[in-house]
Amino acid sequence: MRIFAAALNHETNTFSPMVTGWRGFEQQIAWRPGEHPPQANLNTAAFWVARRRAAVDGYTFVPGSCFWAAPGGTVTRAAFERMRDEILAQLQAALPVQGVVLALHGAMVADGYDDCEGNLLAHVRRIAGPAAVIGVGLDPHCHLTRARCEVADLLVLFKEYPHTDFVERGEELLDLVLAQIRGAIRPLKSVWDCRMIASFPTSHAPVRDLVDRIKALEGHDGVLSISIAHGFPSGDVADSGTRVLVITDDAKPRGDALARQIGEQVVALRGHTEPALLEPADALDEALRIAEGASRPVIIADTSDNPGGGAPADNTDFVRLLMQRGVHGAAVGPLFDPVAVQLAFDAGAGAHLRLRLGGKLCWASGQPVDAEVQVLACVRQAQQTFAGTPVPLGDAVGLRTAEGVGVVLSSSAHQAMGPDLFANLGIDPTRERVLVVKSKQHFQAAFEPISQAVLYATGNGLLATDCRRYPWRKVRRPIWPLDEAAVPGPVM
Ligand SMILES: [Zn+2]
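Residues numbered from 1 in each chain as written. Predicted model: local features only at pLDDT ≥ 70, side-chain atom pairs only at ≥ 80, totals over all residues. Heavy atoms only, no water.

Quick word on the overall build of the protein
Tallying secondary structure elements over the protein gives 13 helices and 18 strands in all. A globule of 492 residues ought to have a C-alpha radius of gyration of about 23 Å, and the protein, at 22 Å, matches this closely. By principal-axis analysis of the C-alpha atoms, the protein measures approximately 65 × 50 × 40 Å. Counting across all 492 residues of the protein, residues that qualify as buried make up 62%. In the protein, 75% of the contacts between residues at least 6 apart in sequence involve partners at least 24 apart. Of the roughly 17,700 Å² of accessible surface on the protein, a fraction of 51% belongs to carbon and sulfur atoms. Looking at the protein, you have 46 positive and 54 negative side-chain charges, and the mean spots of the two groups are 3 Å apart. (Helix = DSSP H or I, 4+ residues; strand = E, 2+ residues; numbered from the N terminus. Rg over C-alpha atoms; globule rule 2.2 N^0.38 Å. Buried < 20%, exposed > 50% of the residue type's maximum accessible area, 1.4 Å probe, protein only. Contact = heavy atoms within 4.5 Å. Areas by Shrake-Rupley, 256 points an atom, 1.4 Å probe, with all protein chains shown as cover. Lys, Arg positive; Asp, Glu negative; His and termini not counted. Charge placed at Lys NZ, Arg CZ, Asp CG, Glu CD.)

Structure (structure tokens):
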């Protein structure tokens, strides 16, 4: 048995003015066959599992390339076609194969391609042939288009947000792919469209309960897998929005009923899936109130400047607010500013200098902040930790302003995922009163356990914390909350 695997990942914020070109992939993840590191990676989990299990499960693993760039604006046509064609040529050379396993984010939009993954999958099917089993691992922030569901035999999405379950879901996908190749199952898909755009953090009720319920349904009555495609609320394509996917073992009517039932539960949560968002000044007031006498830091998520959703992460509003208020024992990170990082490296750890921070990339970046800073640490290819795996920060520096505000600056835009992003840059996160993180939800898994409280702030960053503020053009209407008259229904 021969199984080919590859990975192609981008979460495209179609409202972002920043183009994502080949350089973004080349500088982040462009691992050719044999180059994937030994550790698992959030963006390549299905590939990594397929490689690891080859010896145990007795098949020949044929690696293709793995690509990922940080979330950002629309991918260039040249970059997408280059990566797609590289993977397809590798697949062609790998034939014959009985299985193809792909780790895809699922929300990539390129110039001329609104459904990059659907396009890739159609070519994969053409090359691999009708008998090959195609299994796809997806991020729940994907656009679950009908085209990709029709072509792929199996699609398994991460269930958790933060996506701490990426290896588990990769294992499940591979179990199902092997079972289908061996003729042990006949997977049939049922997809229900909730006709809504929303965000679904799974760490707390009510979404937590929903995820626990669907997990309990798997493995019984012919239900092989259940996924909730949250959709990507900053991606404007015809099929944007939340969908439920149920895969049964030759039990389509049962799958249809279940997809509808779960879909109706999702619809019932409209307006209640996310925590309340505070204006930045109110969030800081609340954080300082809670921090009074507390032994652990209060976390504020700067959600509108979350680079994990394609924002530039160089909005300075919180840094300015903390400096103006003279808040000692607060830190912000990671703020994206490669020029300031270079200047701090030139000055070196321990140096004092006047540095201009952030506020450069686009209209949503705000004004730069001029600060007297001390350089605490300079680290080439710095890292943070997510679900036990290393996540790159690029070259990074830790600073402390004269007002007492700590700042982690990075040379590439990455969202906050692990508290060691501060610790690795000379700022002990457990000793700060307030930590402001550039993230919407991925920070929660590792930051909440060390915190007194977690607050979520809106702001002037690029991401609309109310999606009605975006100039939607392509999404099929009506859809909630853009339209009240949105009517859920089956896709397939
Ligand atoms: Zn995601």
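Having seen the structure, we can now continue with the description.
Things to note about the pairing of strand 15 (residues 405-410)
Across the six residues that make up strand 15, a large majority, six, are buried. Taking every second residue as pointing to the same face, both faces of strand 15 are buried, with Val405, Val407 and Leu409 on one and Gly406, Val408 and Ser410 on the other. When strand 11 (residues 330-336) meets strand 15, the two strands line up parallel, connected through five bridges. Of the residues in strand 15, the one forming a bridge with alanine 331 is glycine 406. Pairing between strand 14 (residues 389-401) and strand 15: five bridges, direction antiparallel. In the sheet register, alanine 396 faces strand 15, and the bridge partner there is serine 410. Connecting strand 14 to the antiparallel partner strand 15 that follows it, the hairpin turn spans three residues, and glycine 404 within it adopts a positive phi of roughly 100°. (Pairing = 2+ DSSP bridges.)

Brief notes about the sheet that holds strand 8 (residues 223-229)
What the four strands build is an open sheet, ordered 8-9-7-18; its pairing is antiparallel. Each of the sheet's edge strands pairs with one partner strand only, and the pair in question is strand 8 and strand 18 (489-490). Sheet topology places strand 8 next to strand 9 (residues 243-249); six bridges connect them, and they run antiparallel. For valine 223, the partnering residue across the bridge sits in strand 9 and is threonine 248.

Looking at the side chain of asparagine 9
Mapped onto the fold, asparagine 9 is located in strand 1 (residues 2-9). Of note is the side chain of asparagine 9, whose polar atom sits 2.7 Å from the backbone oxygen of asparagine 43. Setting aside chain neighbours within four positions, we find asparagine 9 in contact with Phe25, Asn43, Phe67, Trp68, Ala69, Ala103, Leu104, His105 and Met108. (Polar contact = N/O pair within 3.5 Å; in protein donor to acceptor, adjacent residues only side chain to side chain.)

Notes on the coordination of the zinc ion
Binding of the zinc ion to the protein goes through Asp139 (OD), Asp139 (OD), His141 (ND1) and His163 (NE2), at separations of 2.1 to 2.6 Å. Mapped onto the polypeptide sequence, the residues donating to the zinc ion form the spacing pattern D-x1-H-x21-H. Of this pair, histidine 141 sits in the loop between strand 5 (133-138) and helix 5 (146-151) while histidine 163 sits in the loop between strand 6 (154-157) and helix 6 (166-181), placing them 22 residues apart in sequence. Residue histidine 141 is classed as buried on the basis of its relative accessible area, which comes to 9%. For histidine 163, a relative accessible area of 1% puts it in the buried group. (Donors = N, O, S within 2.8 Å, 3.2 Å for Na, K, Ca; no water.)

Notes on the packing of helix 9 (residues 280-291) against helix 10 (residues 317-325)
Viewed as axis vectors pointing N to C, helix 9 and helix 10 meet at an angle of 55°, and their least axial separation amounts to 11 Å. It follows that helix 9 is oblique to helix 10 by the angle criterion. The element helix 9 and its partner helix 10 pack so that their crossing is right-handed. Across from Pro280, Ala281, Leu284, Asp285 and Leu288 in helix 9, the residues of helix 10 making contact are Phe318, Leu321, Leu322 and Arg325. Across the contact of helix 9 with helix 10, the residue classes tally to seven nonpolar, no polar and two charged. (Axes fitted to C-alpha atoms, helices over the stretch in contact; angles between N-to-C directions. Parallel < 35°, antiparallel > 145°, perpendicular 65-115°, else oblique. Left-handed = near helix turned anticlockwise from the far one by under 90°. Nonpolar A, V, L, I, M, F, W, Y, C, P; charged D, E, K, R; others polar.)

Quick look at the packing of aromatic side chains
One pass over the full model with this rule turns up ten aromatic pairs. Cluster of aromatic residues (ring-pair linked, three or more members): Phe422, Phe443, Phe447 and Tyr456. Positioned above the aromatic ring of phenylalanine 345 is the side chain of arginine 380, whose terminal nitrogen or guanidinium carbon lies 4.0 Å from the ring centre. (Phe/Tyr/Trp six-rings, centres within 6.5 Å; stacked < 30°, edge-to-face > 60°. Lys NZ or Arg CZ within 6 Å of the ring centre and 35° of its normal.)

A closer look at the sheet that holds strand 1
With mixed pairing, the six strands of this open sheet are ordered in space as 2-3-1-4-5-6. Edge positions in the sheet fall to strand 2 (29-31) and strand 6, since each has one partner strand and no second. For this sheet, the mean inter-axis angle between neighbouring strands, taken without regard to orientation, is 15°. Where strand 1 meets strand 3 (residues 60-68), seven bridges bridge the pair, whose relative direction is parallel. The residue of strand 3 that forms the bridge with phenylalanine 4 is valine 62. Running at roughly 165° to strand 4 (residues 99-104), helix 4 (residues 116-128) makes contact with strand 1, strand 4 and strand 5 of the sheet.

Notes on helix 3 (residues 77-94)
Taking 1.5 Å per residue as the helical rise, helix 3 with its 18 residues ought to reach 26 Å, and the 26 Å between its terminal C-alpha atoms agrees with that figure. Those residues of helix 3 that fall on the buried side of the exposure criterion are Ala79, Phe80, Met83, Arg84, Ile87, Leu88, Gln90, Leu91 and Ala94. For helix 3, the buried positions fall inside an angular range of 155° around the axis, keeping them on one side. Turned more than 90 degrees off the buried face of helix 3, the exposed positions are Ala78 and Ala93. The inward-facing, buried residues of helix 3 contact strand 1, helix 1 (22-27), strand 3, strand 4 and helix 4. (Expected span 1.5 Å × (residues − 1). Arc of directions from axis to C-beta.)

Here we look at the nonpolar core
Membership of the largest hydrophobic core comes to 82 residues, with the highest contact counts inside it found for Phe4, Leu8, Val100 and Val101. Excluding its chain neighbours within four sequence positions, the residues that come into contact with valine 100 are Phe4, Leu91, Val124, Ala128, Val133, Ile134 and Gly135. In this structure, Val298, Met323, Val327 and Val332 belong to the second largest nonpolar core, which totals 37 residues. (Core = buried A, V, L, I, M, F, W, Y, C linked by side-chain atoms within 4.5 Å.)

With respect to the side chain of histidine 230
Relative to the helices and strands, histidine 230 is located in the loop between strand 8 and strand 9. Judged by its relative accessible area of 4%, histidine 230 falls in the buried class. If near-sequence neighbours (up to four positions away) are discounted, histidine 230 is found in contact with Pro140, His141, Tyr161, Ala198, Phe200, Gly241 and Thr242.

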